[in-house]
Amino acid sequence: MSDNRGASKNYKDTVFLPTTTFPMRGGLPQKEPEIIARWKQLDLYKRLRQARKGREKFILHDGPPYANGNLHIGHALNKILKDVINRSQSMMGKDANYVPGWDCHGLPIEWKIEEQYRKKGKDKDEVPIEEFREECRVFAAHWMNVQSEEFQRLGVLGDWQNPYYTMKFESEAIIAAEIGKFLMQGSLYRGSKPVMWSPVEKTALAEAELEYSDHTSTTIFAKFKLVECPLKALIDNFIVIWTTTPWTIPGNRALAYNNEIDYVAIIINQVSENSIAQENQIIIVSEILLEDICSQCGIIKYDVKAKLKGYELKGSIAKHPMADAGYDYPVPLLNADYVTTEQGTGFVHIAPGHGPEDYQLAHLKYGIEVPHTVNEDGTLMEHLPVFSGFHVLRDNLKIAEIISEHKGLIGIGNLTHSYPHSWRSHAPVIYRNTAQWFISMESDGLRNYALSALKETSFYPSSGQRRLISMIENRPDWCLSRQRAWGVPIPVFVEKKSGKPLQDQSVVDRIIAIFKEEGCDAWFTSPPSRFLGENYDPDSYEKVNDIADVWFDSGSTHAFVLEQREDLHSPADLYLEGSDQHRGWFHSSLLESSGTRAKAPYKGVLTHGFVLDEQGRKMSKSLGNVIQPQKIIQQSGADILRLWVVSSDYYDDLRIGTEILKRQSDHYRRIRNTLRYLLGALDGFDALEPVSFDEMPELEKWVAARLFELDKKITEKVNIYDFHSIFTELHDFCNGDLSAFYFDIRKDMLYCDKLNNVSRRAALTMMDMCFKCLVAWIAPILCFTADEAWLAYTKNTDDSIHLREYQNIPSEWENSDLIRKWMNVRSIRSEVTTAIENARSESKIGGSLQASVNLSLKEEEKKLLLGIDLPALFITSEAKIVSDRALKTRVEIHLAAGEKCARCWKVLPEVKVNHGLCNRCEEVVLEKV
RNA sequence: AGGCGCGUAGCUCAGUUGGUUAGAGCGCACGACUGAUAAUCGUGAGGUCGGCAGUUCAAAUCUGCCCGUGCCUACCA
């Protein structure tokens, strides 16, 4: 080993290379479940509560997912974002206590149970309600368990042992109590509203229970004689409407026109043989539809008497076509934008009990009373003259003929069109006016309370505020009742005599107490006397059998979760859901809380977008582009999914797909390798003495300044939930500052300098700090990887990074001047690396250690580099400034003079003399031996 | 159909009150290293800023229209 070649053979053992047990590849799909098991063993959730005891609380109140199936990617996004926020608030030192919850009542679960019955050939109505409800309960409980496991697999930390759910007896009791508050206040009232109704099943149906198929309807052109009109000449002429539902004519209370439509008044001169239109009468219809109407009604000849715009009809009143047979009431003409000239006559007949738009226009806008005309079985009611007992689906031709006999029509026909049918019986359905319970937006100032509460709420992004405000401003009263089985009943008695709801707090309290003990099934199984007590005669009261809208359930979570649990508080600091919840949970929670407490249940509202596929299309089974979170976890790991969330702009819609996930894996590897390199370098550091800040080289002080700057940025961003930019900062730091710059420069020092050299120890001191900062910064995001890295660092299995807080950075590290200076240093460095690259492509040199750099600089550039170890900065064997008077920066690359040191691989003149080693390496090797 | 959003390189995103040749990272291509090695370093090529029109000395940025796309309503006589 005395000659050069021998010496160059192997100095690897004398070089201090990084060593770590933290593997380069994560193996996340296998490792993550182990980490979850470790957290369970540590009882991380409870430990964290203890660790943060007495600290300021941060309460992100969980919007309850619906317990009826496996998680989809939207759930994953939602819960991951919540977890990132909670963990980051915890890192800020707050007691971020997260209690997950579930929504259990409602239609979709009811369907599933009904479906099971159908398969067994049973009918839902034959099953006792308590039995049916019990099956719903079991079903919901099953899916709660499944989802709980799936959420935990995503890394979500929370009180999974003791979550909240709406079908818990205590929850049901408080939901009922909240309804009681509206009852006692007087804002709960019984009104009526048209709902989809199946005469076959004698029940109301939800939109989703309908299927559309062809149905042939009898159509009529009915005429309404004008009795009042601003255009006096038109009085006694006829407004003609077209409808596919003659049975709604007895329920007619108004007509609608559109201000912008052109109408004509024509005199009928001649009709065909079969026509029922009458010659010499003047009718008013849409101009554009005139020919169509004439051909359908057999009008052969006519003359146009007048033309008019819709708005000229303002204030007109007409007579019902059956006015002579007991339907003698005024029929006002109203403007409605939704009236079109696509078909019909340009006029729409309005039966406020038989269509949502009719109801909206006539009742809500003009206060016209809603008549009840149809019985549960679809027959017209007894009190209706002429038509009593006729069936709304079977007798339309008869009805049409009778109206025709009363000279009320100009045409009868039929039309086959797409029409809603019951999902269960496949029979056609109708809109029917039914009794419903409402919470008034006005009577107790609910709308105003809600609106002013919104003005005090922070929105992320801010556009959510306007969106919610405009919804609250425009919404009608809250229809609370559902004619359903699986939910919390509306616990109200109605006095039969007066039709008024019983308002007695002692009755309400009795109901609540019973619900708390037995659940709200008691409402259906107990006799009314049990609730009414001794002061009321059960025979005089009707028990309401409707259940509450499930949005009321989840809208009350602030009452039965935030207010009830000692470890939470209300209002919550944050509600966080998808943007669809403006209409949903944000909305119902706001109304419920504003109505009962005159304030919002939240201080802040964050909305995220929806998850789309890689092309920006929505995911659907038919497109086959559904991406399941379970699959991503299985293939790549939950940390990759979590990284995807923060790398996206989640305020907008997010895209996901194979390329996007591939990119996340790339980002992940970069961060992971940065941690790994730090862990490797820091191996054995605890045996060395750290170096004080003052003694550090400028490069280390620059790293310190960057850490200070990052810390400031990150804590700022954490407080406005902006994790996207945190991710960018962190990635760029790992990538650009550490890996490509700082680590690269310090490698020589770390590997080859004397073990306890001051500058080497200084570098390690700073790298130690880098690690501690970095692992804490990524912990809320890459919760598994951070935990694993921290364990590799401390080797203390009783600890977790998630119990810690963000690293405290000394304020003396702040140095924006230094950051600015080194930005300029790096731009000179960049010119050098470009020059080296050029030299390499000209085959002048190979690796950068073969290079010697000659710099011609401007004067200020020279000043910039003063005192900096240039060969180290450029990672070359030699570098010097040959001129400081240059007008333009020039970099010359030469082959470095000397031989390659067998240990550090630098090319130096001294090496030959030293038998293969440079002076520095010789010294280190001799000392070591 | 209406309300609210979104549309900048293959991907994810920056682009302050309109002001030089539109930026970053990844990916890609090429190269180096073989002591972070299924890693690391360097260099480079990628964009009619969805389209059209307008305001302006000047537009990714302001206005209008259109196209695409998402959420929420309404889909009716």
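Heads up: the structure comes first, above all this text.
Here's what I pulled together on the structure shown here. Along every chain, residues carry numbers that run from 1 in the direction the sequence is written. Here the convention is simple: chains get letters from A, ligands get numbers from 1, in the order in which they are written. Predicted model: local features are reported for residues with pLDDT of at least 70 only, side-chain atom pairs are reported and counted for 80 or more only, and whole-chain, interface and lining totals are derived from all residues. To obtain the side-chain values, all non-hydrogen atoms of the structure were used and water was disregarded.

**Looking at the overall build of chain A**
How we decide: The secondary structure listing takes helices from DSSP runs of H or I that are at least 4 residues long and strands from runs of E that are at least 2 residues long, numbered from the N terminus. Radius of gyration means the value over C-alpha atoms here, while the globule rule gives 2.2 Å times the residue count to the 0.38 power. Here the term buried applies to any residue with accessible area under 20% of the maximum for its type, exposed to any over 50%, and partly exposed to those in between, with areas from a 1.4 Å probe on protein chains only. Throughout, a residue-residue contact means that at least one pair of heavy atoms, one from each residue, lies within 4.5 Å. Accessible surface is estimated by sampling points in the Shrake-Rupley manner with a 1.4 Å probe; for residues, cover comes only from the protein chains shown.
A count of helices and strands for chain A gives 29 helices and 33 strands. Computed over C-alpha atoms, the radius of gyration of chain A comes to 39 Å, more than 25% over the 30 Å expected from 2.2 N^0.38 for 929 residues, which places it beyond the range of a compact globule. Projected onto the principal axes, the alpha-carbon positions of chain A cover approximately 125 × 75 × 50 Å. The buried share among the 929 residues of chain A stands at 57%. Within chain A, contacts between residues at least 6 apart in sequence are counted, and of these 77% link residues at least 24 apart. Here chain A has roughly 40,100 Å² of accessible surface; of this, 48% comes from carbon and sulfur atoms.

**Some remarks on the sheet that holds strand β31 (residues 890–895)**
Short version of the rule: By this definition, two strands are paired if DSSP reports at least two bridges between them. Only C-alpha atoms enter the line fits that serve as axes; for helices the fit covers just the stretch in contact. Angles between N-to-C directions range over 0 to 180 degrees.
Spatially, β30-β29-β31 is the arrangement adopted by the three strands of the open sheet, whose pairing is mixed. Of all the strands in the sheet, just β30 (878–883) and β31 have a single pairing partner and so form its edges. On average, each strand axis in the sheet is inclined to that of its neighbour by 25°, with strand direction left out of account. Packed onto the sheet, helix α26 (residues 816–841) meets β29 (851–856) and β31 and runs at close to 45° relative to β31.

**A word on the layout of surface pockets**
In this approach, a probe sized like a water molecule rolls over the atoms, and the result shows the empty space that is left. To keep it simple, the criterion reads: Here the term cavity refers to a set of points on a 1 Å grid, laid over the protein atoms alone, in which a 1.4 Å probe fits but cannot get out; the term pocket refers to an open set having protein on both sides within 12 Å along at least five of seven lines, with lining residues being those that place an atom within 4 Å of a point. Grid points are joined across faces, edges and corners, and a volume is the space filled by probe spheres set on the points.
The calculated volume of the second largest pocket comes to roughly 1,000 Å³. Together, 33 residues line the second largest pocket, and Thr 243, Thr 244, Thr 245, Val 348 and Asp 358 are the ones closest to its centre.

**What about the protein's contact with RNA strand B?**
The line we're drawing: We call a residue near a given molecule or strand whenever any one of its heavy atoms falls within 4 Å of it. Under the rule applied, a polar contact is a pair of N or O atoms within 3.5 Å (in protein, one hydrogen donor and one hydrogen acceptor; residues adjacent in sequence only if both atoms are side-chain atoms).
Around RNA strand B there are 59 residues in total, and Trp 242, Val 348, Arg 466, Ser 647 and Arg 676 lie nearest to it. For RNA strand B, the fraction of atoms within 4 Å of the protein that belong to sugar or phosphate moieties is 78%. Within the side chain of Asn 735, one N or O atom sits 2.7 Å away from a sugar or linking oxygen of RNA strand B. Interatomic distance of 2.6 Å between a backbone N/O atom of Arg 903 and a base nitrogen of RNA strand B.

**Some thoughts on the environment of Gly 355**
Among the structural elements, Gly 355 can be located in the loop between β16 (348–350) and α9 (356–365). For Gly 355, a relative accessible area of 5% puts it in the buried group. Expressed as a C-alpha distance, the spacing of Gly 355 and Pro 194, which sit 161 residues apart in the sequence, is 6.0 Å.

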